[in-house]
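Okay, here's what each chain looks like letter by letter:
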Amino acid sequence: MRILGVDPGLKTTGYGVIEVGEVSSQPVRLLETGTIEPNQKGSLPEKIATIYKNLDAIILEHSPEVMILEKLYAHYKHPTTACILGHARGVICLVCAHRKIKLIEQSVKRIRKALVGNGSASKEQTKAVVAHILKFNPEKISLDASDALALALGHAHLERY
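Residues numbered from 1 in each chain as written. Predicted model: local features only at pLDDT ≥ 70, side-chain atom pairs only at ≥ 80, totals over all residues. Heavy atoms only, no water.

## Description of the overall build of the protein
Within the protein, the secondary structure is distributed over 5 helices and 5 strands. Counting from the amino terminus, the protein carries its helices and strands in the arrangement β-β-β-α-β-α-β-α-α-α. Taken against the 2.2 N^0.38 rule, which gives 15 Å for 161 residues, the C-alpha radius of gyration of the protein at 15 Å falls within 12% of a compact globule. Per-residue burial for the protein yields a buried fraction of 43% across its 161 residues. Residue pairs in contact within the protein that sit at least 24 positions apart in sequence constitute 63% of those at least 6 positions apart. With an accessible surface of roughly 8,700 Å², the protein has 54% of that area assigned to carbon and sulfur atoms. Of the charged side chains in the protein, 21 are positive and 16 negative; the average position of the first set lies 4 Å away from that of the second. (Helix = DSSP H or I, 4+ residues; strand = E, 2+ residues; numbered from the N terminus. Rg over C-alpha atoms; globule rule 2.2 N^0.38 Å. Buried < 20%, exposed > 50% of the residue type's maximum accessible area, 1.4 Å probe, protein only. Contact = heavy atoms within 4.5 Å. Areas by Shrake-Rupley, 256 points an atom, 1.4 Å probe, with all protein chains shown as cover. Lys, Arg positive; Asp, Glu negative; His and termini not counted. Charge placed at Lys NZ, Arg CZ, Asp CG, Glu CD.)

## Things to note about helix 4 (residues 123-134)
The terminal C-alpha atoms of helix 4, which comprises 12 residues, lie 16 Å apart, in line with the 16 Å expected from a rise of 1.5 Å per residue. The set of residues buried in helix 4 consists of Thr 126, Lys 127, Val 130, Ala 131 and Leu 134. The buried residues of helix 4 occupy one face: seen down the axis, they fall within an arc of 135 degrees. In helix 4, the exposed positions that point more than 90 degrees away from the buried face belong to Glu 124 and His 132. Buried residues belonging to helix 4 abut strand 2 (13-19), strand 3 (29-36), helix 3 (108-116) and helix 5 (143-160). Backbone geometry just after helix 4 places Lys 135 at a positive phi near 60 degrees. (Expected span 1.5 Å × (residues − 1). Arc of directions from axis to C-beta.)

This is the structure in structure tokens:
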């Protein structure tokens, strides 16, 4: 099964595509990971169009069966952040619907608990575990990309167990 994890953001959207075997003895393979970084001087429509266009291309290339999207968490002290993030999430949901891919939202704490054993693990701790599982140098990818891979890996782990 191919899983696309997405860590949404208007400045940077992280993504990661993995392939997991049907049985737990089969290894997990990293197919692609990276970030989508819209032009920060661009308008809001230009930024969300960039996210849409890039995710659509990733989906067309890798044909994932499911997309795992980070569940929205907004701190009461920063309500504007949730509104801004909503634009990125909305276009991500739209590309999912357009390409008829199952969309599942997962909370960061649940994913980190599944992967690291601690729902309050730091981004750096999570990145180290993701790098260990997928056998790559953690310095080679951003925190946004590793968060997206964590979503995909965590979902695969939760589905298996």
